[in-house]
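# Structure assessment
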Amino acid sequence: MKAARILGAAAVLLIPVATQNPYVLHMLIMVLMWVVLGQSWNLLGGYTGQVSFGHAAFFGIGAYTAGILIKGGAPPATAWAGLLLGGLTATIAAAVIGWICFRLRGPYFALSVLALAEVLRLVAVNWKQLTNGAEGILLIPAFNTKAYYYYIVLAIAALNFVVIRFVMRSKLGYYFLAIREDQDAAESLGIDTTKYKLYSLLISAFFTGMAGAFYLNYMNFIDPGIVFSIHDVSIMVILVTMLGGVATYWGPAVGAVLYILVSEIFRVWLKSGHLVFFGILIIVLIVFFPNGIVGTWNERAAKRSRRRVAAGPETT
Amino acid sequence: MSPQVAGQIELLLQVLISGVLLGGLYALLGLGMSLIMGVMKIINLAHGELMMVGMYITFWAFTLLRVDPYVSILLVFPALFLLGALLQKYLIAPVMEVDSILPENQVLLTVGIGMVLSNLALLFFSANYRSVPVSYANKTMYWDLKPGGQTISLSFSVPMLVAFGIALVLGSALFLFLGRTDLGRMIRATAQDKRAAALMGVNTKRMTYVTFGLGSALVGAAGALLVPVYYLFPQIGGPFTLKAFIITVLGGMGNIPGAVLGGVVLGLAESLGSVYISLGYKDAFGFIIFVLVLIFLPKGLLGKGRA
Amino acid sequence: MSLLELKDVTKRFGGLQAVGHMTFSLNKGEILGLIGPNGAGKTTIFNLINGYVTPTSGGILFKDERIDGLKPHVVCHRGLARTFQVVKPLARLTVLENVMASAFCRTNNRETAREMALEATAFSEMESWRDRSAGSLPLGMRKRLEMARALATKPDLLLLDENFAGLNPAEVEKTIEIVKKIHGSDVTILIIEHIMRVIMSISHRLICINYGEKIAEGTPREVADNQQVIDAYLGVAHA
């Protein structure tokens, strides 16, 4: 088992050495970016049970913070500083959004975050002096090979994974799960649910913001319709996570691979209207794998060993 | 009264009129969702896509068969009812019964359904913007007021007036249906307490099919009414889904008069905001009102949920 | 010395009075039983004490400090734990994880929490259930999990809300034993229970409420013989 892990890690590290094919690297970079997004959403939605329909807010804020500071900062921020500042600004925004939206529970929370994300998109479209409006922000690339970007996003994904694993094995993790399972019971067990929900959101937003800043650096272009998109970011991140398996460590990764792979196949194969099949795939997966691929796998394994159902802190 | 003041009053009244008329259409959009959310606690992210389907049916009925958009409601209503009921029966209901970690599975399912619908439309009808060239599309009625020697001239778009009227009729019919008929009462019973309703012999499953069907039919009708005054394209649904949410929350889930009020409030907010504050932020007002109402008036403007 | 004191506590929901002018105190080391017909307001009293609802008027003192208006999690940290009549297991977590989640009330360390949880589950005699998911437990064990979880927060005062309801006779005996053991470990107990045999045998003192108001207070014998109590339970027609 351990040998397999070391082998897997080595393979992931050596990919850019093995292939310089920009198309392959581009696909892998996109997969890893979606791993980061999926893992971040999963911490808040899957483990803490606070489903957000508006994670594009944090992605967009991260991207715009980096873009504005790199383009117009005095002195201009470096790409590296942009990554960190993107994450931090998204975290600050999350504190405000959380303060507003955590008064609400369940679907109302989800919808209120979505509404605020849309407000942010409209601000990005209209506040032209700051954001250049709908035309977006265009940058000169900081690095000229894809391998750099591959390692950067790999590092972010790895860091995110380690942080989540650490959190889920600590008091915080138990509190997050308790809140998801029964908020009233959690309160009576001494858990300040408002506070811990906010912690979960802040961590989630930090990494989502970083992913946004990374996206800007990698693509060298953003506009409000892309980074604040309900459909292509907020909803897609939920799909990626749920398809892979909510509240599992590897679910978001499985979901990200599946998403990028399938949408690429459909895109190449069908050109227009390829999302029909993606939609059908979503429907089929939700009907037959209600807890995602990894989640359903775990459940079956659990049934075999007659142990816990799923999604405890120890599950993979 | 000076001409400037008269001009200001004219503008304000005109903005209020278009806001209220727009609100009528929005009300119809919201009624369907309010019904679905109120009875089944389902968040239907395919709501706007169902409206899009209604719009395309109207469009093709006109283009191929010269059926007037208003007449085609008679076609759209049963077609969308059937579509909605089938979606509920074969997709949504089975998923809602499964024990999953997050109840939001059902929401994603509707995302998938919406994706399939809008991309099928894209595949078959292309991404082109289309509209229906009805003779009355730009017809306007005028009403002149003459206070204090000044003339204030107000205009009413005819198709918007008609849409407003039909929306009110459908809204009232729904209200009477829910309040006065056995089927309506059974739907309300299901909304209030599913288990108790089942114990009283209500086939709650069938009620959910009927409800989803009705909700879809209503939003389809809204689509048909929108066709003469708007253009249509496959991706039109998304923003309208969001508007429907705003209306539903403003009015209180499952509250029929509330949904009408919510529609009018949203219509007014948009038209007042776009004229007096900023056109670019037009849609932001709805969202901000939405969040404020969620937090401060969680049961909607009328203070009570439920039909 | 009184550990918990309710002073003229009233709670109205809209126009409806759920609890009216409730005054009583609970001494350290006592087991106080709270009885009354269904809908009398017993669980509301628990909800008032642990902070789910705020009194319309009156005050609640715990360890001589006001706790009314505080959030449940704050009240829990002060040393007051409760169980729920309608059990609230963290269904997808194991029994041990459930209890660990509550043990974190007193520690930040996972190993310490684990040890506390092992201890609390052993104390509640559910060792063999530790690795089962809480959602898959039979009712009796769910009720016991409620107790184990409450105990792991190391309370000075424990509120037990119908922990005997729905148990078979053997489970009832076992639970009585555990409650006595809890009491023996220096925990004061306020208990709601419908099974008369249980409440008569373990309480030191009883309070009977009806329509949200106290109608009798005294030793179990006194309360059981009180005419108003008999009327409340059997209907006035009986008298």
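Residues numbered from 1 in each chain as written. Chains lettered and ligands numbered in written order. Predicted model: local features only at pLDDT ≥ 70, side-chain atom pairs only at ≥ 80, totals over all residues.

Moving on to the overall build of chain C. From N to C terminus, chain C includes nine helices and ten strands. Here the C-alpha radius of gyration of chain C, 18 Å, is about what a compact globule of 239 residues would show, namely 18 Å. Viewed in the frame of its principal axes, chain C has a C-alpha envelope of about 55 × 40 × 35 Å. (Helix = DSSP H or I, 4+ residues; strand = E, 2+ residues; numbered from the N terminus. Rg over C-alpha atoms; globule rule 2.2 N^0.38 Å.)

So, about the overall build of chain A. Assigned secondary structure in chain A consists of 15 helices and two strands. By the compact-globule yardstick of 20 Å for 316 residues, chain A fits well, its C-alpha radius of gyration being 19 Å. Expressed along its principal axes, the backbone C-alpha trace of chain A runs to roughly 55 × 45 × 40 Å. Per-residue burial for chain A yields a buried fraction of 57% across its 316 residues. Within chain A, contacts between residues separated by at least 24 positions form 76% of all contacts whose residues are at least 6 apart in sequence. (Buried ≥ 20, exposed ≤ 12 C-beta atoms within 10 Å, placed from the backbone. Contact = placed C-beta atoms within 7 Å.)

As a further point, take the interface of chain B and chain A. Of the residues lining the interface, 35 residues belong to chain B; the matching set on chain A comes to 41 residues. Looking at the side of chain B that touches chain A, the elements that each hand over two or more residues are helix H3 (73-97), helix H4 (105-125), helix H9 (237-251) and helix H11 (282-296) of chain B. Here the side of chain B that touches chain A takes twelve residues from H4(B), the largest share from any one element. Looking at the side of chain B that touches chain A residue by residue, the classes come out as 26 nonpolar, seven polar and two charged. (Nonpolar A, V, L, I, M, F, W, Y, C, P; charged D, E, K, R; others polar.)

Residue and element names in this part refer to chain C. Note that strand S1 (residues 2-13) and strand S4 (residues 57-62) share five bridges and pair antiparallel. Pairing of leucine 6 across the sheet is with isoleucine 60, part of S4. With two bridges joining them, S4 and strand S5 (residues 65-66) adopt antiparallel strand pairing. Note on S5: the bridge partner recorded for phenylalanine 62 is glutamate 65. Counting the residues that bridge the hairpin from S4 to S5 gives two residues, and of these lysine 63 lies at a positive phi of roughly 50°. (Pairing = 2+ DSSP bridges.)

Our focus in this paragraph is unusual backbone geometry. The backbone of A:Asn132 shows a phi angle near 65°, a positive value even though the residue is not glycine. We classify A:Asn132 as buried; it has 20 C-beta atoms within 10 Å. One non-glycine residue, B:Arg66, lies in the positive phi region at around 60°. Mapped onto the elements, B:Arg66 comes out in the loop between helix H2 (47-65) and H3. Owing to 8 C-beta atoms within 10 Å, B:Arg66 belongs among the exposed residues under this scheme.

All names here are of chain C. Taken in spatial order, the four strands line up as S2-S1-S4-S5 in an open sheet, and their pairing is antiparallel. The sheet is open, and its two borders are formed by strand S2 (16-27) and S5, each paired with just one other strand. Across the sheet, helix H1 (residues 42-50) touches S1, S2 and S4, and the angle it forms with S2 is around 65°. (Axes fitted to C-alpha atoms, helices over the stretch in contact; angles between N-to-C directions.)

Bringing the nonpolar core into the picture now. As a rule of thumb, soluble globular proteins bury nonpolar side chains together. Grouped together as the largest cluster of nonpolar side chains are 283 residues, with contacts concentrated most on A:Val153, A:Phe214, B:Leu28 and B:Ala221. B:Ala221 has contacts with B:Leu28, B:Gly54, B:Ile73, B:Val76, B:Phe77 and B:Leu170, leaving out every residue within four places of it along the chain. (Core = buried A, V, L, I, M, F, W, Y, C linked by C-beta atoms within 7 Å.)

What follows concerns the sheet that holds strand S3 (residues 31-35) of chain C. Residue and element names in this part refer to chain C. The sheet built from six strands is open, its strands ordered S6-S7-S8-S3-S9-S10 with mixed pairing. Strand pairing shows two members of the sheet lacking a second neighbour, strand S6 (80-82) and strand S10 (213-218), which therefore form its edges. Neighbouring strand axes in the sheet, compared pairwise and without regard to direction, differ in orientation by 20° on average. By the bridge criterion, three bridges tie S6 to strand S7 (residues 157-161) in an arrangement that is parallel. Its bridge partner lying in S7, alanine 81 is registered against leucine 158. Across the sheet, H1 touches S3, S6, S7, strand S8 (188-192) and strand S9 (205-210), and the angle it forms with S7 is around 150°.

All names here are of chain B. On the secondary structure map, glycine 262 appears in helix H10 (residues 256-276). As a C-alpha pair, glycine 262 and alanine 137 span 125 residues in sequence and 26 Å in three-dimensional space. Every residue in contact with glycine 262, bar those within four places of it in the chain, is listed here: Gly30, Ile247, Thr248, Leu250, Gly251 and Leu301.

The topology assignment puts A:Ser234 in helix H12 (residues 230-244). If near-sequence neighbours (up to four positions away) are discounted, A:Ser234 is found in contact with A:Phe53, A:Gly54, A:His55, A:Ala56, A:Leu114 and A:Ala117.

Residue and element names in this part refer to chain C. Of the pairings in the sheet, the one linking S1 to S2 comprises eight bridges and is antiparallel in character. In the strand pairing of S2, arginine 12 is matched with glutamine 17. Hairpin connection of S1 to S2: two residues between the antiparallel strands, including glycine 14 at a positive phi of 60°.

Once that is clear, we can look at the packing of helix H7 (residues 146-168) of chain A against helix H10 (residues 193-219) of chain A. Residue and element names in this part refer to chain A. Close contact between H7 and H10 brings their axes to 11 Å; oriented N to C, the two are set at 175°. Judged by the inter-axis angle, H7 sits roughly antiparallel to H10. Residues Tyr149, Ile152, Val153, Ile156, Asn160, Val163 and Val167 of H7 lie in contact with H10, whose contacting residues are Ile203, Phe207, Met210, Ala211, Phe214 and Tyr218. Residue composition of the contact of H7 with H10, by class: twelve nonpolar, one polar and no charged. (Parallel < 35°, antiparallel > 145°, perpendicular 65-115°, else oblique.)

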